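The residues making up each chain are set out below.
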Amino acid sequence: MGFIKKRQKNFDEEIEKKLDKNNVPKHVAIIMDGNGRWAKKRGFIRTLGHRAGMEAVRRIVKASSEIGIKYLTLYAFSTENWKRPVDEVNGLMDLLIEYLGREVNELNENNVKLNFIGDLSMIPEKCRIKIKESEEITKNNTGLTLNIALNYGGRSEIVRAFKMIGSSLLSGKIDLNDIDENVIADNLYTSGQPDPDLIIRPSGELRISNFMLWQSAYSELWFSDVLWPDFEKKHLLQAIFDYQKRNRRFGGI
Ligand code: FPP
């Protein structure tokens, strides 16, 4: 290991030691942003920014597992991202196939369970096949659950839940008075998972961008100017460190 990497590792270990092991967020969700700007700054095409973003995904998944986070949700492609040039969209789908091909065995060895959330019916078939295969390989794992949000939008997730609940209502499976917050949560893609404790958005933008609208009701938000391809374990540790200093009241006093 080179001198700089070794110094970084020591630095990460120092922050990690300071973390309260009893207050590690169970669920961290990240709006991965800034790939395009990262590429532009270097005179590269945008797809190279996404490729560098994929390396950040590898680092942060590994780090999350080491820290003991139970759920990590990564926003990889939104329902609005179809507006991008077709080459960029295809490049992103190909990157995802490459990521799964390269990583699934290592993820499996590390007890990571892959779970895709979003409307996959619109995702190219070759990509869908790889997704199903990766979910199948890792389905019995009990470590980190890695949710990858693909063709995901918080509003469309809620519309989908409305439709599912509406159909149960029409068929008489449930009664109007049965509908409560739990029923809605159970009909979201994240059914059975805890809401994100911490939502991270790098790249300087201060928005939620249609991400986990229902689930984020009491999430702590953490923003950073660092562009996603530059995001490292030390940034994640800093976010968790700051999170641990917050006073979460959930509407109480
Ligand atoms: C937003 O940056 C990023 C995306 C729309 C794609 C995120 C995808 C990856 C990190 C790579 C592959 C993912 C996985 C899970 C392997 P932007 O393009 O909007 O950046 P900009 O705002 O600087 O233009």
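Given the structure is predicted, the values throughout are model-derived calculations rather than measurements.

Draft legend 1. Highlighting the pairing of strand β2 (residues 71-78). With respect to burial, β2 is a largely interior element, seven of its eight residues being buried. Summarising the sheet, strand β1 (residues 27-31) and β2 pair through five bridges and their orientation is parallel. Across the sheet, the residue bridging to V28 is L72, located in β2. Sheet topology places β2 next to strand β4 (residues 145-152); seven bridges connect them, and they run parallel. Considered in β4, the bridge of Y75 is made with A149.

Draft legend 2. The side chain of N151, seen in detail. For N151, the location among the structural elements is in strand β4. Reaching out from N151, the side chain makes a polar contact with the side chain of W82 at a distance of 2.9 Å. Engagement of the side chain of N151 in a polar contact is seen with the backbone oxygen of D119, the distance being 2.8 Å. Once residues within four sequence positions are removed from consideration, N151 is found in contact with F77, S78, T79, W82, G118, D119, M122 and I123.

Draft legend 3. Structural context of the UniProt feature "active site" (unreviewed entry) in the protein chain. Those residues carrying the UniProt feature "active site" (unreviewed entry) are D33 and N81 in this numbering. For this annotated set, covering 49 residues, all C-alpha atoms fall within 12.2 Å of each other, a compact arrangement in space. Note on placement: D33 falls in the loop between β1 and α2 (35-41). Every residue in contact with D33, bar those within four places of it in the chain, is listed here: R201, P202, S203, E205, L227 and W228. A polar contact is formed between the side chain of D33 and the side chain of R37, at a distance of 3.5 Å. You can see N81 is positioned in the loop between β2 and α4 (86-109). The residues touching N81, leaving out its near neighbours within four places in the chain, are A76 and V89.

Calculation notes
Residues numbered from 1 in each chain as written. Predicted model: local features only at pLDDT ≥ 70, side-chain atom pairs only at ≥ 80, totals over all residues. Heavy atoms only, no water. Buried < 20%, exposed > 50% of the residue type's maximum accessible area, 1.4 Å probe, protein only. Helix = DSSP H or I, 4+ residues; strand = E, 2+ residues; numbered from the N terminus. Pairing = 2+ DSSP bridges. Polar contact = N/O pair within 3.5 Å; in protein donor to acceptor, adjacent residues only side chain to side chain. Contact = heavy atoms within 4.5 Å. UniProt positions renumbered as here; feature names shortened; annotations may be inferred.

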